[in-house]
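Secondary and tertiary structure notes
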Amino acid sequence: PCRVKKFNEEANKTSYLTKEQIERLLDLARRDPDPNIYLLLSLAIKTGMRKMELFRIKLEDVDLNRNIIYIPKAKAGAREQPIPRDMKELIEQHIRGLVDTDWLFPSVQKRKDHVRDIRGLFARLLQEAGLDSKEITLHTLRHTAITHLVQAGVDLPTVQSISGHKTLAMVARYAHRNNSH
């Protein structure tokens, strides 16, 4: 009864940050007055967690003894997210600075709520780092993490487990190579 023209997806529409770009962005985030932004961006870049998975981390779901963050409502089902070794101390310090909240990233305005949006802050940091905020989103940091895992030689099933993807096909979509790899 109806024909819908399907467009092909752009094959080269993949972006991720280089190590130098990551360093510039994280250096700016470390010096920013926002109490959450450095840890939040660091976790995004090092774990590949989705935006809402990051925003909704409850303190009770952070297990520093086992080095995992339990994600009860992940897109592909509940999972345990490994905490990179170099993030453990940073998370411990951040938690020690929290007062009267259930969230790892509490809202600055409402302590009983979690961060819900960092677009303005993120865009400002990107601009200060000399990066294009129209091309780079928080999801780009997920793509960056997954791409860097593959470039480091981590096998795709392990990357799939870390990233929380349902299929290897989705991991392969994120796991492209750059010319120097």
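Now for a description of the structure that goes with this document. (Residues numbered from 1 in each chain as written. Predicted model: local features only at pLDDT ≥ 70, side-chain atom pairs only at ≥ 80, totals over all residues. Heavy atoms only, no water.)

**Considering the nonpolar core**
Counting residues in hydrophobic clusters, the biggest one holds 39 residues, and the most contacted among them are Leu41, Leu43, Ile57, Ile91, Ile118, Phe122 and Leu141. Mapped by element, the contributors of at least two residues to this core are α1 (19-31), α2 (37-47), α3 (51-55), β2 (68-71), α5 (119-128) and α6 (138-151). Residue contributions to this core peak at eight residues, all from α2. (Core = buried A, V, L, I, M, F, W, Y, C linked by side-chain atoms within 4.5 Å. Buried < 20%, exposed > 50% of the residue type's maximum accessible area, 1.4 Å probe, protein only. Helix = DSSP H or I, 4+ residues; strand = E, 2+ residues; numbered from the N terminus.)

**Things to note about the sheet that holds β2**
Read from one edge of the open sheet, three strands run β1-β2-β3, paired in antiparallel fashion. At either margin of the open sheet sits one strand with a lone partner, and together these are β1 (62-63) and β3 (79-82). (Pairing = 2+ DSSP bridges.)

**Let's talk about α2**
Within α2, ten of the eleven residues are buried, which leaves it mostly tucked inside the rest of the structure. For α2, the full list of buried residues reads Ile37, Tyr38, Leu39, Leu40, Leu41, Ser42, Leu43, Ala44, Ile45 and Thr47.

**Details of the environment of Glu89**
Within the element layout of this structure, Glu89 appears in helix α4 (residues 88-96). Residue class for Glu89 comes out exposed when judged on its relative accessible area of 53%. As for Glu89 and Leu64, which are separated by 25 residues in sequence, their C-alpha atoms are 9.2 Å apart.

**Concerning the environment of Gln127**
Assignment of secondary structure puts Gln127 in helix α5. Overall, the relative accessible area of 64% leaves Gln127 in the exposed class. For the pair Gln127 and Phe55, spaced 72 residues apart in the sequence, the C-alpha separation amounts to 22 Å.

In short, the description is geometric, and any link to function would need to be established separately.
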